[in-house]
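# Fold and geometry: a report
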Amino acid sequence: MILQPKAVFDCFAEVNRVPRPSKREEKMIAFLKAFGEDLGLETVVDETGNVIIRKPATPGYEKRRTLILQSHMDMVCEPSDGSFDFDNNPIETYVDGEWLRARGTTLGADDGIGVAMQMAVLRATDIPHGPLECVFTRDEETGLTGAMGMKPGFMTGTMLVNLDSEDEGQIFVSCAGGVRTTATYPFPTAAIPEGYYCCTIGVRKFTGGHSGDDINKMRANANKVLVRFLCDEMEKTDLRLIDIQSGGLHNAIPRDGVVTIAVPFEYKETLRIDLNHYEADLREEFSATEPNFEVSLDSVRPAAEAMEPTAARAMLLSLRAVHNGILAMSQDMPGLVETSSNLASIRKDGGKVVVTTSQRSSVKSQIPNVAATVRAALSLGGADCLTTEGYPGWKMNPKSEMLRIARESYVRVFGKEPEIKAIHAGLECGLFSEKYPGLDMVSFGPTLRGVHSPDEKLLIPTVQMVWDHLLDIMVNIPE
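Residues numbered from 1 in each chain as written. Predicted model: local features only at pLDDT ≥ 70, side-chain atom pairs only at ≥ 80, totals over all residues. Heavy atoms only, no water.

Now for the environment of Ser341. Among the secondary structure elements, Ser341 is positioned in strand 19 (residues 337-349). By relative accessible area, Ser341 is classed as buried at 1%. The spacing of Ser341 and Arg360 is 19 residues in sequence and 6.4 Å in space, taken between C-alpha atoms. Filtering out sequence-adjacent residues up to four positions away, Ser341 remains in contact with Ile215, His323, Asn324, Gly325, Ser358, Gln359, Val370 and Val374. A distance of 3.4 Å separates a polar side-chain atom of Ser341 from the backbone oxygen of Ser358. (Helix = DSSP H or I, 4+ residues; strand = E, 2+ residues; numbered from the N terminus. Buried < 20%, exposed > 50% of the residue type's maximum accessible area, 1.4 Å probe, protein only. Contact = heavy atoms within 4.5 Å. Polar contact = N/O pair within 3.5 Å; in protein donor to acceptor, adjacent residues only side chain to side chain.)

Put into C-alpha cells, the structure is as follows:
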C-alpha cells in the first residue's frame, strides 16, 4: 500500500528516527526546535520542555483567528521481548495490509502521527491557512506534566485542534479526569521450611491496551490473573510468596507478570495440575479477547526466605478485592464508561511491594470516591496508600464554535456526519481548559489499535482522511 499523504508519512518517518520515551524527550525537543528554526519560523521552548512553532497566515488569511494545532511528543515504550533500546534506536515500521506497524515495539503513532501532521503543515508552501501555533507537549503519557507545567500565555490562539484521538470519524469534545493511587506493603520475611519446592509462575502475551480507552473491552489483567491463582492455592496449601514482578505502566492494562513461590514438595504436582485447569478456565473466560496468552511454571533454586505468611495473605486478599475495570457507565452518553480503575503493577522492591493503580471518571465527584474505594481495599491488606492530585476532565461545551466548524467540515468533505463523542481517557484538553478558560477545543485523529502495546498499529487510509479534514478546517477558521 502507498503511504498517503506522502508529506505526513515522510514526517512520521523522521519522527520515528528520534528517541522520545516519556520523561526523556530531550532529543525530540532538540529535533523540533531545529525543525522550526530551519524553516525560519518563531520557535520557543518553555521551561517545562514544551515546544511551540508559530507560522504566519498565508496571503489573504491574515485576519483569521489564530488556530492551535497540538499533539504530544512522547511515546509509550513497550517492547515485545524487553531488549529494545528506546533511548537510542529508531522505531522500525512496516506495512501490513492496510495497517502500519512496528517491528517488536510500540509504533509511536500515539502521538507521533499528530506530530507528523503538524510538521507537514509547517513545512508546506501550498496550504492556505490563518495564523497557526503548533504546540508539542512533553510527557503526556506518564503524567501530563508538559501540559501541567505550561504557563498561561504560552499559547495565544483561541481555537485548538488536539490531534491525539484514535478513531477516524469521531470528534471528541470531552474527556475523563483521573488520579493515580500507589500502595506500599511492607515485606516482612520468614524462613521457608525444609522440604519446599520453589518455582516461578508466569503469564504473558495478554492483549493489554490503554487503561482508559480499552477498559471496556473485557481484556484480562495479568495482575488480577496471578493474584487470583495465588489466593486459590493459598487456601489449599502453605504457599509462600518469594517475589512478584507483574504489570508495568500506570496507563496500560498489564499484559505480563511473574511470581516466585514455594509450596510443600508433596504439593508440586497438584500445583501443576491446578495451573493447567486454571489456564483452561482462562481460555474459556477470555476466548474472545485473549487468543494468544501463555502460562508457564518453571522450577527455580530453593530460596531461604519468603514473605511472612500472615502479611502475604493479607496483601494478596486485598489485591484480589481491589476493584479493577468498569465501576460505572455514563448516565448521559450511552456506551461511555464513566468511572473505572486499573490495577497497573505489583512489584517487589527490596523490603516492600509497590502497587500502582489509576482511577478515571468523567464525573468530577466520582474521582475521589473511586480512589477512596481503592485505598480502602489496599489499606485493609496493610498498605500505606497515596493518591496523587491527578488531572482534570474536560467538560463538553454545547455552544462550541470549534465543534460546529469541525462537524460542518467533516460533512462537507465526506458527505456524512461524524460521531460526536467523549472519551474515557485523559486528554491534555482538560488541563488546557483550566489554564486557558474559554479556549474552544476539539480532538480527533486517525484510527489506531493496540496503543501502549507492541501490537499498536495505524490504519493507513484514515491518515489521508484526517489530513483532508484538518486542511478544510484550517481554511474555514473565521475572522
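Within an α-helix, residues lying three or four positions from one another point in the same direction, as the helix has 3.6 residues per turn. Compared with the 26 Å implied by 1.5 Å per residue over 18 residues, the 26 Å span of helix 6 (residues 268-285) between its first and last C-alpha is a close match. Among the residues of helix 6, Leu271, Asp274, Leu275, Tyr278 and Leu282 are the ones counted as buried. On an axial view of helix 6, the arc spanned by its buried residues comes to 105°, and they lie on one face. (Expected span 1.5 Å × (residues − 1). Arc of directions from axis to C-beta.)

What follows is about the side chain of Asn221. When you line up the elements, Asn221 lands in the loop between strand 12 (209-210) and helix 5 (222-234). Asn221 sits in the buried class, given a relative accessible area of 5%. Only 2.9 Å separates the side chain of Asn221 from the backbone nitrogen of Asn223, close enough to count as a polar contact. Residues contacting Asn221, with those up to four places away along its chain left out, are Ile253, Pro254, Asn324, Asn342 and Leu343.

Let us now look at the pattern of salt bridges. Counted by the stated rule, this structure contains 29 salt bridges. Glu408 is the salt-bridge partner of Arg404, the closest N and O atoms lying 3.1 Å from each other. Of this pair, Arg404 and Glu408 both sit in helix 9 (residues 401-414), separated by four residues, roughly a single helical turn. Overall, Arg404 belongs to the partly exposed group, its relative accessible area being 36%. (Salt bridge = Lys/Arg side-chain N within 4 Å of Asp/Glu carboxyl O.)

Moving on, we get to the packing of helix 5 against helix 6. Their axes nearest at 11 Å, the elements helix 5 and helix 6 cross at an angle of 140°. Relative to helix 6, the element helix 5 is oriented oblique. Both helix 5 and helix 6 take part in a crossing whose hand is right-handed. Counted together, Val225, Arg228, Phe229 and Glu233 of helix 5 and Leu271, Asp274, Leu275, Tyr278, Leu282 and Glu285 of helix 6 form the full contact between these two elements. The residue inventory of the contact of helix 5 with helix 6, partitioned by class, reads six nonpolar, no polar and four charged. (Axes fitted to C-alpha atoms, helices over the stretch in contact; angles between N-to-C directions. Parallel < 35°, antiparallel > 145°, perpendicular 65-115°, else oblique. Left-handed = near helix turned anticlockwise from the far one by under 90°. Nonpolar A, V, L, I, M, F, W, Y, C, P; charged D, E, K, R; others polar.)

With that out of the way, let us pick up the environment of Gly157. Relative to the helices and strands, Gly157 resides in the loop between helix 4 (145-149) and strand 7 (159-162). Remark: the alpha-carbon pair of Gly157 and Leu69, spanning 88 residues in sequence, is separated by 9.6 Å. Setting aside residues no more than four positions away along its own chain, Gly157 makes contact with Thr66, Ile68, Glu133 and Leu439.

Assignment of secondary structure puts Ser174 in strand 8 (residues 170-175). At a separation of 2.7 Å, a polar atom in the side chain of Ser174 contacts the main-chain carbonyl oxygen of Trp394. Apart from the residues within four sequence positions on either side, Ser174 is in contact with Trp394, Lys395, Met396, Lys421, Ala422 and Ile423.

As defined by bridge partners, strand 4 (residues 93-96) adjoins strand 5 (residues 99-102) across four bridges and the pair is classed as antiparallel. Following the sheet pairing, Tyr94 is matched in strand 5 by Arg101. Between the antiparallel neighbours strand 4 and strand 5 lie two residues, among them Gly97 with a positive phi of about 65°. (Pairing = 2+ DSSP bridges.)

Strand pairing within a sheet occurs via backbone hydrogen bonds; the two strands may be parallel or antiparallel. The strand order across the open sheet built from four strands is 4-5-25-24, with neighbouring strands paired in antiparallel fashion. A single partner strand is all that each edge strand has here, and the edge strands are strand 4 and strand 24 (448-449). With two bridges joining them, strand 24 and strand 25 (residues 457-459) adopt antiparallel strand pairing. Bridged to Leu448 within strand 25 is Leu458.

Moving on: the packing of helix 3 (residues 109-123) against helix 11 (residues 460-475). Relative to each other, helix 3 and helix 11 sit at 50°, their axes nearing to 12 Å. With respect to their mutual orientation, helix 3 and helix 11 come out oblique. As helix 3 runs across helix 11, the sense of the crossing is right-handed. Between helix 3 and helix 11, the residues in contact are Ile113, Met117, Ala120 and Val121 and Val463, Val466, Trp467, Leu470 and Met474, respectively. Within the contact of helix 3 with helix 11, the residues separate by chemical class into nine nonpolar, no polar and no charged.

This next bit is on the nonpolar core. In this structure, Leu67, Phe136, Val161, Met402 and Leu458 are the most contacted members of the largest nonpolar core, which totals 59 residues. The biggest single contributor to this core is helix 3, with nine residues. Setting aside anything within four residues of it in sequence, one finds Phe136 in contact with Leu32, Asn50, Val51, Ile53, Ser71, Met73, Val115, Gln118 and Leu122. The next biggest cluster of nonpolar side chains, apart from the first, holds 46 residues, and it includes Leu230, Cys231, Val355 and Ala383. (Core = buried A, V, L, I, M, F, W, Y, C linked by side-chain atoms within 4.5 Å.)

What follows is about helix 3. Given a rise of 1.5 Å per residue, 15 residues ought to cover 21 Å, and the 20 Å separating the end C-alpha atoms of helix 3 matches this to within 8%. Along helix 3, 14 of the 15 residues are buried, which leaves the element largely enclosed by surrounding structure.

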